Amino acid sequence: MNQRLEKLTSWMKNNDIQVTFLTSLENVYYLSGFYSNPHERLLGLAVFQESEPFLVCPGMEKHDAKRSGWDQEIIAYSDIQDPWELISKSISGRMNSAAKVAVEKEHMNVERYEKISALFPSASFISAEEKLRKLRMIKDARELKIIQEACSLADYAIEVGVQEIKEGRTELEILSAVEFALKKKGVTEMSFATMVLTGANAASPHGNPGMTKIQKGDLVLFDLGVVIDRYCSDITRTVAFGDINDKQKEIYDTVLKAQLAAVEASRPGVTCAEIDLTARRIIADAGYGDYFPHRLGHGLGISVHEYPSMTETNELVLEEGMVFTIEPGIYVPNVAGVRIEDDLVITSSGADILTKFPKELQIIK
Ligand code: MN
Ligand code: MN
């Protein structure tokens, strides 16, 4: 059994949980090494306190599951079989009943909950999510190497994007040039839908790129990430196209100052709240507190948003191996939208910045 499964089973023992049944592709991948996006079909991993685990996957993926290194039982079902009948058989070979079963309460749907309840009619169900989030929060050396590679490609994407800025180009034209360049480097998937936002659009933290044409005097905001070996990166840079006004410049300088201070404060032993507040106070002192409407950042890994959550109320203490973003922003409607985002890893004595594209204001002529 791998180390991650061992940690899960020792948690199960300590909490008197007999079975954990996971169905999110991220957690199944983290624990089994098998990655599959099954769409509406069932993917599952059953872990038992006292017996061997099994993986459930669509029949056509059985060989991929074996190739991924999973050497325990695989329940592979065809499109005309009911996977729950096969699961029921495998479970009854292992145990008669369970008092406590852990599932992903936020992820599991009602139909699957009814199926699993029928298998364990006297069980109480508890959430496995918090435990999995904590396990995934501390990255090992292999994970860090992959994330660093994803971050280097994110830097490259920004470099391409900045070069593509030309008078009259649309947001979507620049976006497609960035993704085309990445595909030529072998990147098959982005962490989320790439954002290239200009002018008034950049003043929405989660705007949608469209047919807006870039004009002189605009700020252009890029927010993107690439997935490498199932791990995500996430970077934001904002650049100026032509000369910008004093207000835009002041907003940029404020965001940069806040971002640099929060990066500087990141080290083991400091709470997430302290890091968020380091940036938030600088923005508030400059008079833009109401225009920074989101948390400072988020953990990053197999999911683009995971633990730790960098909020002003999270008293979680940073530890070596945690990977997260620092991304303060100021969004003033009709004036400017600026966000600067880096990915960091906490080291034994401080933090390494994994995204390295320059942050000083760049004015594209
Ligand atoms: Mn981002
Ligand atoms: Mn982010």
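All of these numbers come straight from a predicted model, not from anything done at the bench. (Residues numbered from 1 in each chain as written. Chains lettered and ligands numbered in written order. Predicted model: local features only at pLDDT ≥ 70, side-chain atom pairs only at ≥ 80, totals over all residues. Heavy atoms only, no water.)

1. What about the overall build of the protein chain?
Summing up its helical and strand segments, the protein chain has 10 helices and 19 strands in all. Taking 21 Å as the expected radius of gyration for a compact globule of 365 residues, we find that the protein chain reaches 23 Å, a close match to that expectation. With respect to the principal axes defined by its C-alpha atoms, the protein chain has extents near 70 × 40 × 35 Å. Within the protein chain, the fraction of its 365 residues that count as buried is 54%. (Helix = DSSP H or I, 4+ residues; strand = E, 2+ residues; numbered from the N terminus. Rg over C-alpha atoms; globule rule 2.2 N^0.38 Å. Buried < 20%, exposed > 50% of the residue type's maximum accessible area, 1.4 Å probe, protein only.)

2. Remarks on the coordination of the manganese ion (ligand 1)
Coordination of the manganese ion (ligand 1) by the protein is provided by Asp223 (OD), Asp223 (OD), Asp234 (OD) and Glu341 (OE), with metal-donor distances spanning 2.1 to 2.7 Å. In primary sequence terms, the donor set of the manganese ion (ligand 1) follows D-x10-D-x106-E. A separation of 3.1 Å is found between the manganese ion (ligand 1) and the manganese ion (ligand 2), which are bridged by Asp234. Note that Asp223 is positioned in strand β8 (residues 218-224) and Asp234 in the loop between β10 (231-232) and β11 (235-241), a separation of 11 residues in sequence. Each member of the pair Asp223 and Asp234 is classed as buried. (Donors = N, O, S within 2.8 Å, 3.2 Å for Na, K, Ca; no water.)

3. A short note on the sheet that holds strand β3 (residues 54-58)
On the basis of which strands lie adjacent, the open sheet formed by 6 strands has the order β4-β3-β2-β1-β5-β6 and mixed pairing. The two strands at the open ends of the sheet, each matched to only one other strand, are β4 (73-77) and β6 (124-127). Strand-to-strand twist in this sheet, taken as the mean axis angle between neighbours without regard to direction, amounts to 20°. Direction of pairing for strand β5 (residues 100-103) relative to β6: parallel, over a ladder of 4 bridges. By the bridge assignment, Ala102 is partnered in β6 with Ile126. (Pairing = 2+ DSSP bridges. Axes fitted to C-alpha atoms, helices over the stretch in contact; angles between N-to-C directions.)

4. Re the coordination of the manganese ion (ligand 2)
Note on the manganese ion (ligand 2): its protein donors are Asp234 (OD), His298 (NE2), Glu327 (OE) and Glu341 (OE). The metal-donor distances range over 2.1 to 2.2 Å. Along the chain, the residues that donate to the manganese ion (ligand 2) are spaced as D-x63-H-x28-E-x13-E. The class for Glu327 is buried, based on a relative accessible area of 9%.

5. What to know about the packing of aromatic side chains
Scanning the entire structure with this criterion turns up 5 aromatic pairs. Geometrically, the ring pair formed by Phe21 and Trp84 is tilted, given 5.7 Å between the ring centres and 45° between the ring planes. Remark: Trp84 occurs in helix α4 (residues 83-92) and Phe21 occurs in strand β1 (residues 19-22); sequence separation between them is 63 residues. Take Phe21 and Trp84: they sit in the same class, and that class is buried. (Phe/Tyr/Trp six-rings, centres within 6.5 Å; stacked < 30°, edge-to-face > 60°.)

6. Brief notes about the pattern of salt bridges
Applying the stated criterion to the full structure yields 21 salt bridges. One salt bridge connects Arg339 with Asp223, and the closest N-O pair in it is separated by 2.8 Å. One end of the pair, Arg339, is in strand β16 (residues 336-339); the other, Asp223, is in strand β8, with 116 residues separating them in the sequence. This pair shows no difference in class: Arg339 is buried, exactly as Asp223 is. (Salt bridge = Lys/Arg side-chain N within 4 Å of Asp/Glu carboxyl O.)

7. Concerning the domain arrangement of the protein chain
Interface extent is often summarised as the accessible area lost during association of the parts. When its domains are assigned, the protein chain resolves into domain 1 (3-136) and domain 2 (138-364). Its C-alpha centre places domain 1 at a distance of 35 Å from the equivalent point of domain 2. Tallying the contact residues gives 10 residues for domain 1 and 12 residues for domain 2. For the pair domain 1 and domain 2, the two sides together bury roughly 1000 Å², of which 46% comes from carbon and sulfur. Together, Tyr29, Tyr35 and Arg136 form the three largest contributors to the area buried by domain 1 at its contact with domain 2, with a combined 53%. (Domains from an automatic or database assignment. Contact = heavy atoms within 4.5 Å. Buried area = accessible area lost by both parts, 1.4 Å probe.)

8. Examining helix α5 (residues 110-119)
The set of residues buried in α5 consists of Arg112, Ile116, Ser117 and Leu119. The buried residues of α5 occupy an angular sector of 150° when the element is viewed end-on, so they sit on one face. Facing away from the buried side of α5, by more than 90 degrees, are the exposed residues Val110, Glu111, Glu114 and Ala118. On the buried face of α5, the contacting elements are β1, α4, β5 and β6. (Arc of directions from axis to C-beta.)

9. So, the packing of α4 against α5
Closest axis-to-axis distance for the α4/α5 pair is 11 Å, and the angle between their directions is 30°. Taken together, the axes of α4 and α5 are roughly parallel relative to one another. Along this stretch, α4 crosses α5, giving a crossing that reads as right-handed. Across the interface between the two elements, Trp84, Ile87, Ser88 and Ile91 of α4 pack against Arg112, Lys115, Ile116 and Leu119 of α5. Broken down by class, the residue content of the contact of α4 with α5 amounts to 5 nonpolar, 1 polar and 2 charged. (Parallel < 35°, antiparallel > 145°, perpendicular 65-115°, else oblique. Left-handed = near helix turned anticlockwise from the far one by under 90°. Nonpolar A, V, L, I, M, F, W, Y, C, P; charged D, E, K, R; others polar.)

10. A short note on the layout of surface pockets
Its volume calculated, the largest pocket comes out at about 280 Å³. Together, 15 residues line the largest pocket, and His206, Asp223, His298, His305 and Glu327 are the ones closest to its centre. A class-by-class count of the residues in the lining of the largest pocket yields 4 nonpolar, 5 polar and 6 charged. Estimated volume of the second largest pocket: approximately 240 Å³. Lining the second largest pocket are 14 residues, with Asn27, Glu129, Arg133, Arg136 and Ser303 sitting closest to its centre. Those elements that provide at least two residues to the lining of the second largest pocket are α2 (25-32), α6 (129-137) and β13 (306-310). Broken down by element, the lining of the second largest pocket gets its largest block of residues, 4 residues, from α6. Broken down by class, the residue content of the lining of the second largest pocket amounts to 2 nonpolar, 5 polar and 7 charged. (1 Å grid on protein atoms, 1.4 Å probe; cavity = no way out; pocket = protein on both sides within 12 Å on 5 of 7 lines; lining within 4 Å. Points joined across faces, edges and corners; volume = space filled by probe spheres on them.)

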